[in-house]
Amino acid sequence: MDTNYRANIGKWLPPPGDVLEKWFLNSSMVTESIDNLIESIALIIQDITDSQICEFEVYKRVANDLEEITKGYKSISTTSLSTHLIYKYKMRHFLTILKRKLNVLVRFTSNLINEIVDCKSDELLRIIFRLVNIYNDVLDMDIEVSGPSTSVFCNDCPYILEPMKKISVTRILQMLAKNRAEESCHELIDCLLANYKPREKTDPSTTISGDADVSENSSIEIYRALTRHLTPPIESSASRTELEVSNIESIQTLVNTQNEQVLRLLNVVQDVSPKLFGTDALKTSKGETRLRSSAIKKVKNYYQEVAWGALSGILDHVVLWWSSEALATRHNHGAQQLKDWLSQFIQKNHVPQTVRPALQNLCDALGYHATITEWDQFFRLAYTSAFKCQSKASFTEVSDTGQMFVELFQLLVRLSNECEAGGEWVIGAPLIELPLSEQIVILHRLDHSVHTARLWIVQEAKIIAHTWELDVFFLLVKGDIVNCLEELSYLKLADHTSTLSTDSVSVQVYVCAKMRAKIVSEVNVNIDLLQKCTGKCVEILAKICRVVSLANLHMCFPRSSYWRKGSDVAPVTASLYVESYFEKVLLPVLEVIEDPETSNMILKIMCEAWLDYIYLHRIKFSEYGALQLLTDFAYVSKWVTNCPIISQNVRDHLLKNEVLRRCEGVGRLLLRHPGEAISMRKRLTRRTNEHGSPESPGLERMPAEMYVPNQEQWLELRASKRYNFCCTE
């Protein structure tokens, strides 16, 4: 069918002619050449990726083939289109195919240039700039096939849709800096080790296997041993040997070497691709065209900027993680010690301005790594201990989990205070010299740690208070909270608000300072909440104390018939439940703490719960039962007085507690008849230890009944006279 179709179409078309036939033949040949060259370049790039060195003739052949393809496309594209509609459409179709293949070819050419731009040979450099010239010439030709509506407006668009740009000298320098960044990292490491002069000899093998607490010298010796293994995994053994024997004695020598490499590249560009410089960068003197010294200086400065910027982007990764024996995996404190040494090195030595930011970024990265790793370790131990070792004391003044939080705060406060001083400044350092970004990381973790510690303390206080193991409860409240606040009191945070409003700083410093100020305010809020945590825990204890008191009364309080008994002889001894009640509730408090305020609070809650239990159960009292209850209330003062573990200060405060007078008032109200008036003129006699509080003369000026609210309700609990009290259990 296809043959018949072509035969039928051919009947209606005029003969193409020799010129048109030759044009179609040349187009097919150029298309085939482009396909072959793309395949060759792809194989070369694959060989480079696999660390296989290609011969110089291979690159020369690529350049020659690319020139031939460019000439062939120019001759084809400049030929005028046929006037016949069908042949004109066919020629446009062939041109579109050529343009698309040329677009792919120039992208492969750009990738090849990027792979081999860091070569050491001047001859290969000449081939590279031949390719650059051809690449730029192709872009000058009409090879655009995308429609006018195609636009790139996002950073994650496919690479094939990105518009192609000409390769300039700055673009070549960017490629060169990126490709040599890894090699420059190792050269800088060797340079730092050459500048380091240990004050004492240390065996690296013994130091690595030693304890974590090592000196600064031994830390650098560990680092020296580790850098012997910092070789790229893809490099050959020959390149590793070359790297090991290289030893750049100073940083300035490294900078000078880079400048020499740039000069060598500029000489090749001047010979092969002078158009890349433009007319302003060149000057003609005595018939010889040369590059201006100002242009050379500008190119050098630009390369130093991009080269050390690219190096700075991967330097911390190379130092910390590059090999199986990297610094981060072998030594916990090595990063912090190396950071301290680098900081001193930057301050005490004249480091070139182009290199200083890279070393400072390395210091920041090492400090950040040390912060997050140490914080992760301490916070993980404290957090897991909060679940594993609840209410377990490891020290006399702090619990085991509390001790871990204290150590965590010690670390973060020390690291934050170190960030408050910059360079040679002890205090009042300018914002530009302060490591604000590093301090933000520390303060953020400090804020989170204080918040977590506060939540743990409150939750643990609830759990422990319900068990009434008050030794651990007060160890938490009086020990952990106090010790944590003591460590946080050493935190130094300067206020830079006035400095930001008066001094002009860069946008980065301004943003970091504002973020630091926000986190500082959050830290202060959490510290303030931690200070109030003691009062909150005591409130929790008070609520649970009432529950514990009512529960104990429910277990030991006599039955209602006990209080309706009758007898002609007044009771002289307290009921057995009173001593049991106080030994189970108040005695655990007095055994672990000597705090009059807390002890008074517990005593008040116990007595109020005692009264509430009687009233809520509507227990009726005979006259004998009321006397027995009054005797039980009076025994509280006797129990407090005779308790051997109570100090005199606490005893005096407990005996003056108004709740004792209220209990006595309830007992006396139960002995009165409804409507009987209470005499306010009669001065009460001073009571003995069995019937009142001997240490409260000021309180005895007013009758005990006056301390009782709702007196009429208590009078309702007096048993009726018609009851027969002779029957007793």
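This is a predicted model, so every value here is computed, not measured.

(A) Molecular detail of the overall build of the chain. Secondary structure assignment for the chain yields 27 helices and two strands. Residue burial in the chain is summarised as follows: out of 729 residues, 45% are buried. Considering only contacts within the chain whose residues lie at least 6 apart along the sequence, 79% involve residues at least 24 apart. Surface exposure of the chain reaches about 39400 Å², of which carbon and sulfur atoms provide 53%.

(B) Quick peek at a nonpolar patch on the surface. On the surface, Val-505, Val-507, Tyr-510, Val-511 and Met-515 cluster together into a nonpolar patch covering about 440 Å² of accessible area. Mapped onto the fold, Val-507 is located in helix H19 (residues 507-531).

(C) Fine view of the nonpolar core. Counting 103 residues, the largest nonpolar core has Phe-473, Phe-582 and Trp-610 as the members making the most contacts within it. At 13 residues, helix H16 (residues 436-467) tops the list of elements feeding residues into this core. Residues from two domains meet in this core; each of domain 3 (388-555) and domain 4 (562-674 + 701-714) gives at least three. Residues contacting Trp-610, with those up to four places away along its chain left out, are Leu-553, Phe-557, Tyr-577, Val-578, Tyr-581, Phe-582, Asp-632, Phe-633 and Val-636.

(D) Seen up close, the environment of Leu-491. On the secondary structure map, Leu-491 appears in the loop between helix H17 (470-488) and helix H18 (497-502). Note on Leu-491: relative accessible area 15%, which makes it buried. Taking the C-alpha atoms as reference points, Leu-491 and Phe-409, separated by 82 residues in sequence, lie 9.5 Å from one another. Setting aside residues no more than four positions away along its own chain, Leu-491 makes contact with Val-413, Ser-416, Asn-417, Leu-446, Val-523 and Ile-527.

(E) Local environment of unusual backbone geometry. In this structure, Trp-468 is a non-glycine residue whose phi angle is positive, near 60°. Mapped onto the secondary structure, Trp-468 falls in the loop between H16 and H17. Here Arg-618, not a glycine, exhibits a phi torsion of approximately 50°, which is positive. Structurally, the position occupied by Arg-618 is in the loop between helix H23 (596-616) and helix H24 (623-642). For Arg-618, a relative accessible area of 37% gives the class partly exposed.

(F) Inspection of helix H5 (residues 122-140) at higher detail. Helix length check: H5 (19 residues) gives 27 Å between terminal C-alpha atoms against 27 Å at 1.5 Å per residue, within 8%. Along H5, the residues classified as buried are Leu-124, Leu-125, Ile-127, Ile-128, Phe-129, Leu-131, Val-132, Asn-133, Ile-134, Tyr-135, Asn-136 and Val-138. For H5, the capping residue at the N-terminal end is Ser-121, with a side-chain oxygen 3.3 Å from the backbone nitrogen of Glu-123.

(G) Spatial organisation of the packing of aromatic side chains. Counting across every chain of the model gives 21 aromatic pairs. The interplanar angle of 20° and the centroid separation of 5.4 Å between the aromatic rings of Trp-341 and Phe-345 together place this pair among those described as stacked. In this pair, Trp-341 and Phe-345 are both assigned in helix H13 (residues 334-348), four residues apart and thus about one turn of the helix distant. Put simply, the rings of Phe-557, Tyr-562, Trp-563, Tyr-577, Tyr-581, Phe-582, Trp-610, Tyr-613, Phe-621, Phe-633 and Trp-639 pair up and form one aromatic cluster. It is Lys-90 that lies over the ring of Phe-24; its NZ or CZ is 4.5 Å from the centre.

(H) Seen up close, the environment of Ser-312. Within the secondary structure, Ser-312 is located in helix H11 (residues 293-321). Ser-312 sits in the buried class, given a relative accessible area of 16%. C-alpha separation for the pair Ser-312 and Cys-185, spaced 127 residues apart in sequence, amounts to 8.4 Å. Ser-312 has contacts with Ala-358 and Asn-361, leaving out every residue within four places of it along the chain. There is a polar contact of 2.9 Å between the side chain of Ser-312 and the side chain of Asn-361.

(I) Fine view of the confidence of the model for the chain. Averaged over the chain, the pLDDT score is 79; the fraction of residues at 70 or greater is 79%. For the chain, the element scoring lowest by mean pLDDT is helix H9 (residues 237-245), at 37; helix H20 (residues 533-556) scores highest, at 93. Here residues 682-699 scores under 50 on pLDDT; set against residues more than four positions off or in separate chains, the count is 38 contacts. The model gives residues 722-729 a pLDDT under 50, and that stretch makes eleven contacts with residues more than four places away or in other chains.

(J) Molecular detail of the state of the cysteines. Overall, the coordinates contain zero disulfides when judged by the stated rule. Just so you know, Cys-484 is unpaired, no disulfide at all, and the nearest cysteine sulfur is the one on Cys-533, 9.8 Å from it. Overall, Cys-484 belongs to the buried group, its relative accessible area being 2%.

(K) Examining the packing of H17 against H19 more closely. Two elements in contact, H17 and H19, have axes whose closest approach is 10 Å; the angle formed by their N-to-C orientations is 150°. Judged by the angle between their axes, H17 and H19 are roughly antiparallel. Regarding H17 and H19, the two cross each other, and that crossing is left-handed. On H19, the residues that touch Ile-481, Cys-484, Leu-485 and Leu-488 of H17 are Ile-527, Leu-530 and Gln-531.

(L) Molecular detail of the pattern of salt bridges. Scanning all chains against the criterion turns up 16 salt bridges. Here Lys-166 and Asp-140 are joined by a salt bridge, their closest N and O atoms 2.4 Å apart. Note that Lys-166 is positioned in the loop between H5 and helix H6 (169-195) and Asp-140 in helix H5, a separation of 26 residues in sequence. For Lys-166, a relative accessible area of 45% puts it in the partly exposed group. Close ionic contact of Glu-664 with Arg-661 constitutes a salt bridge, the shortest N to O distance being 3.1 Å. Separated by three residues within a single helix, Glu-664 and Arg-661 lie in helix H26 (residues 658-669), roughly one turn from each other. Residue classification places Arg-661 among the buried positions, given a relative accessible area of 2%. Look at the salt bridges and you will find they share partners, linking Arg-661, Glu-664 and Arg-668 into a network.

(M) How the structure looks around the packing of H20 against H23. Running from N to C, H20 and H23 cross one another at 40°; their axes reach a closest spacing of 9 Å. Relative to H23, the element H20 lies oblique. Read as a crossing pair, H20 and H23 show a hand that is right-handed. Where H20 approaches H23, its residues Val-538, Leu-541, Ala-542, Cys-545, Arg-546, Ser-549, Leu-550, Leu-553 and His-554 are matched on the opposing element by Met-601, Ile-602, Ile-605, Met-606, Ala-609, Trp-610, Asp-612 and Tyr-613. Looking at the contact of H20 with H23, its residues break down into 13 nonpolar, two polar and two charged.

(N) A look at the environment of Glu-407. Note on placement: Glu-407 falls in helix H15 (residues 400-419). Note: C-alpha distance between Glu-407 and Ala-382 (25 residues apart in sequence) is 9.3 Å.

Here is what the cut-offs are and how they apply
- Residues numbered from 1 in each chain as written.
- Predicted model: local features only at pLDDT ≥ 70, side-chain atom pairs only at ≥ 80, totals over all residues.
- Heavy atoms only, no water.
- Helix = DSSP H or I, 4+ residues; strand = E, 2+ residues; numbered from the N terminus.
- Buried < 20%, exposed > 50% of the residue type's maximum accessible area, 1.4 Å probe, protein only.
- Contact = heavy atoms within 4.5 Å.
- Areas by Shrake-Rupley, 256 points an atom, 1.4 Å probe, with all protein chains shown as cover.
- Patch = residues over 30% accessible without salt bridge, like charges linked within 9 Å, V, L, I, M, F, W, Y side chains within 5 Å.
- Salt bridge = Lys/Arg side-chain N within 4 Å of Asp/Glu carboxyl O.
- Core = buried A, V, L, I, M, F, W, Y, C linked by side-chain atoms within 4.5 Å.
- Domains from an automatic or database assignment.
- Expected span 1.5 Å × (residues − 1).
- Polar contact = N/O pair within 3.5 Å; in protein donor to acceptor, adjacent residues only side chain to side chain.
- Phe/Tyr/Trp six-rings, centres within 6.5 Å; stacked < 30°, edge-to-face > 60°.
- Lys NZ or Arg CZ within 6 Å of the ring centre and 35° of its normal.
- pLDDT = per-residue confidence, 0-100.
- Disulfide = S-S within 2.5 Å.
- Axes fitted to C-alpha atoms, helices over the stretch in contact; angles between N-to-C directions.
- Parallel < 35°, antiparallel > 145°, perpendicular 65-115°, else oblique.
- Left-handed = near helix turned anticlockwise from the far one by under 90°.
- Nonpolar A, V, L, I, M, F, W, Y, C, P; charged D, E, K, R; others polar.

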